[in-house]
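Coordinate inspection notes
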Amino acid sequence: MNHDIERVLIPEGEILAGVERLAREITEFYRGSEFTVVSVLKGSCIFASDLIRRIPIPLELAFAAAHSYGARTEAGELSIDLLPTGNEVRGRRILLVDDILDTGQTLKRLKDELLASGAGEVRTCVFLDKPSRRALEFEADLRAFEVDNLFVVGYGLDYAGRYRNLPYVGVLRDAAIS
Ligand code: XMP
């Protein structure tokens, strides 16, 4: 698998330092109030699990999932596959956690859906942010790293379902892209 990686963009140690920094900010922000982390599957599962284990205050965990039709390089039509139940959301403070903020359509749509389901507040936290790709007016409240317009894999991010288990973020070799 490592042979398919052209270069490491964010090594494991830097990732964990970034996650630690976000966890401290989140802890201070929510200290003294109940909140729910909504992890967007599948990509954010590794980021969310590292993040919540560094937040030493009470929280609940729920999941959402969405996928986009069409080419990876465009904002294709979005379909929501999973949302937390009304009971998990109603009146709650929500922290929506995703792997990467790209065009913005996934997080914007999920945030709108959670608010429509009665969430009291929805803030967003992303592992990676690619601001150069934004197609909608949408910014995350928190982000660990900004990346250029490159297709990246690892630490939860996949290409054709693979590479999520790499402990670092890397750029794929052209030869690995079919
Ligand atoms: P949007 O465009 O809705 O995109 O903000 C969010 C989703 O797009 C996928 N995505 C990537 N996946 N490497 C990946 O493995 C990338 O560089 C990349 N850029 C976007 C991802 O599924 C994300 O949740």
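Everything in this summary refers to the structure shown in the same document. These figures come from a predicted structure and were not determined experimentally. (Residues numbered from 1 in each chain as written. Predicted model: local features only at pLDDT ≥ 70, side-chain atom pairs only at ≥ 80, totals over all residues. Heavy atoms only, no water.)

Some remarks on the sheet that holds strand 8 (residues 152-153)
Taken in spatial order, the three strands of this open sheet run 1-9-8, and their pairing is antiparallel. Bordering the open sheet on either side are strand 1 (5-10) and strand 8, each of which pairs with just one other strand. (Pairing = 2+ DSSP bridges. Helix = DSSP H or I, 4+ residues; strand = E, 2+ residues; numbered from the N terminus.)

Brief notes about the environment of Glu-60
On the secondary structure map, Glu-60 appears in strand 3 (residues 60-68). Along the sequence, Glu-60 and Asn-165 sit 105 residues apart, while their C-alpha atoms lie 25 Å from each other. Setting aside its immediate chain neighbours within four residues, Glu-60 contacts Glu-34, Phe-35, Thr-36, Val-37 and Arg-92. (Contact = heavy atoms within 4.5 Å.)

A look at the nonpolar core
Judged by nonpolar contacts, the single largest core of 29 residues is most densely connected at Ile-26, Phe-47, Leu-51, Cys-125, Phe-127 and Leu-128. Secondary-structure elements contributing two or more residues to this core are helix 1 (12-30), helix 2 (45-52), strand 5 (93-101), strand 6 (121-129), strand 7 (142-146) and strand 9 (169-172). Top element by residues in this core is helix 1. It accounts for six residues. Filtering out sequence-adjacent residues up to four positions away, Ile-26 remains in contact with Phe-35, Leu-51, Ile-55, Leu-95, Cys-125 and Leu-142. Ranked by size, the runner-up nonpolar core spans 16 residues in total, among them Ala-62, Ala-64, Leu-96 and Leu-114. (Core = buried A, V, L, I, M, F, W, Y, C linked by side-chain atoms within 4.5 Å. Buried < 20%, exposed > 50% of the residue type's maximum accessible area, 1.4 Å probe, protein only.)

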